[in-house]
Amino acid sequence: MNNFSRIGFVDIVVFNYNNRNKEPFIFVEVKKSGSGLSNCIEQLKSYMSTTKTCKYGIVSDGIEFMVLNREFQQEQDIPSFDSSMLPSSLEKYSYIDLNNNS
């Protein structure tokens, strides 16, 4: 993410497919367990502000959890999934733990 002159990295991005275009839909920002959400929320807001296709943000410190909408208001429920959000063919990913050779 480019935020003015600073470059940052959102922890997780969930993409939406809109007419074969892959667009960020949900950003997830996670902090150290028990560190609180205030810094996490500010960082998430800065990322969402620079990406107009991002409709929701999720923040967590492993203890607290919050979902924010595009207006940075807290959502009481996670948005419903719609199959139109998927591409015509799904991408597959595999996780390789290089530290443990597995």
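The structure contained in this document is the topic of the report that follows. (Residues numbered from 1 in each chain as written. Predicted model: local features only at pLDDT ≥ 70, side-chain atom pairs only at ≥ 80, totals over all residues. Heavy atoms only, no water.)

1. Overview of the overall build of the chain
As a reminder, the rule being used: Strands here are runs of E lasting at least two residues and helices are runs of H or I lasting at least four, both read from the DSSP assignment and numbered beginning at the N terminus. Here the term buried applies to any residue with accessible area under 20% of the maximum for its type, exposed to any over 50%, and partly exposed to those in between, with areas from a 1.4 Å probe on protein chains only. In what follows, residue pairs with any heavy atoms lying within 4.5 Å of each other are defined as contacts. Accessible surface is estimated by sampling points in the Shrake-Rupley manner with a 1.4 Å probe; for residues, cover comes only from the protein chains shown.
A count of helices and strands for the chain gives one helix and seven strands. Secondary structure of the chain in N-to-C order comes out as β-β-β-β-α-β-β-β. Burial analysis of the chain (102 residues in total) assigns 33% to the buried set. Contacts spanning at least 24 positions in sequence make up 42% of the contacts within the chain whose residues lie at least 6 apart. Roughly 7,600 Å² of accessible area belongs to the chain as shown, and the carbon and sulfur atoms make up 51% of that amount.

2. Considering the pattern of salt bridges
Under the convention used in this document: The salt bridge criterion pairs a side-chain nitrogen of Lys or Arg with a carboxyl oxygen of Asp or Glu, the two atoms within 4 Å.
By the definition in use, this model includes two salt bridges. Note that Glu29 is salt-bridged to Lys31, the shortest N-O span being 3.3 Å. Judged by relative accessible area, which is 24%, Lys31 ranks as partly exposed.

3. Some remarks on the sheet that holds strand 6 (residues 65–69)
Under the convention used in this document: One requirement defines pairing of two strands: DSSP has to find at least two bridges between them.
Pairing in this open sheet of five strands is mixed, and the strands run 3-4-5-6-7 from one edge to the other. Two strands bound the open sheet, and with one partner strand each, they are strand 3 (12–18) and strand 7 (74–75).

4. Points about the environment of Ile26
Mapped onto the elements of the fold, Ile26 is located in strand 4 (residues 21–30). Residue Ile26 is classed as buried on the basis of its relative accessible area of 16%. Along the chain, Ile26 and Asn69 lie 43 residues apart, while their C-alpha atoms are 9.4 Å from each other.

5. Quick notes on the packing of aromatic side chains
Put simply, the rule is: Two rings from Phe, Tyr or Trp (for Trp, the six-membered ring) form a pair when their centres are within 6.5 Å of each other. A pair whose planes differ by under 30 degrees is stacked, one over 60 is edge-to-face, and the rest are tilted. Each ring is checked for a lysine NZ or an arginine CZ that lies within 6 Å of its centre and within 35 degrees of its normal; such an atom marks a charge sitting over the ring.
Counted according to the given criterion, the structure contains one aromatic pair. Between Phe25 and Tyr56, the ring centres sit 5.8 Å apart and the planes meet at 70 degrees, which makes this aromatic pair edge-to-face. Of the two residues, Phe25 sits in strand 4 while Tyr56 sits in strand 5 (residues 56–60), which places them 31 residues apart along the sequence. Here Phe25 falls in the buried class, since its relative accessible area comes to 13%. Looking at Tyr56, the relative accessible area reads 19%, which means it is buried. Here Lys22 stacks its cationic end above the ring of Phe15, 4.6 Å away from the centre of that ring.

6. Overview of the nonpolar core
What counts, and what does not: Among buried residues, the Ala, Val, Leu, Ile, Met, Phe, Trp, Tyr and Cys ones that are joined through side-chain atoms within 4.5 Å form a nonpolar core.
In terms of nonpolar packing, the biggest core is built from 12 residues, these being Val10, Phe27, Leu37, Cys40, Ile41, Leu44, Tyr47, Met48, Cys54, Val59, Met66 and Leu68. It is helix 1 (residues 38–49) that provides the largest number of residues to this core, a total of five residues. Counting residues in each nonpolar core, the second largest holds six residues, with Ile26, Val28, Tyr56 and Ile58 among its members.

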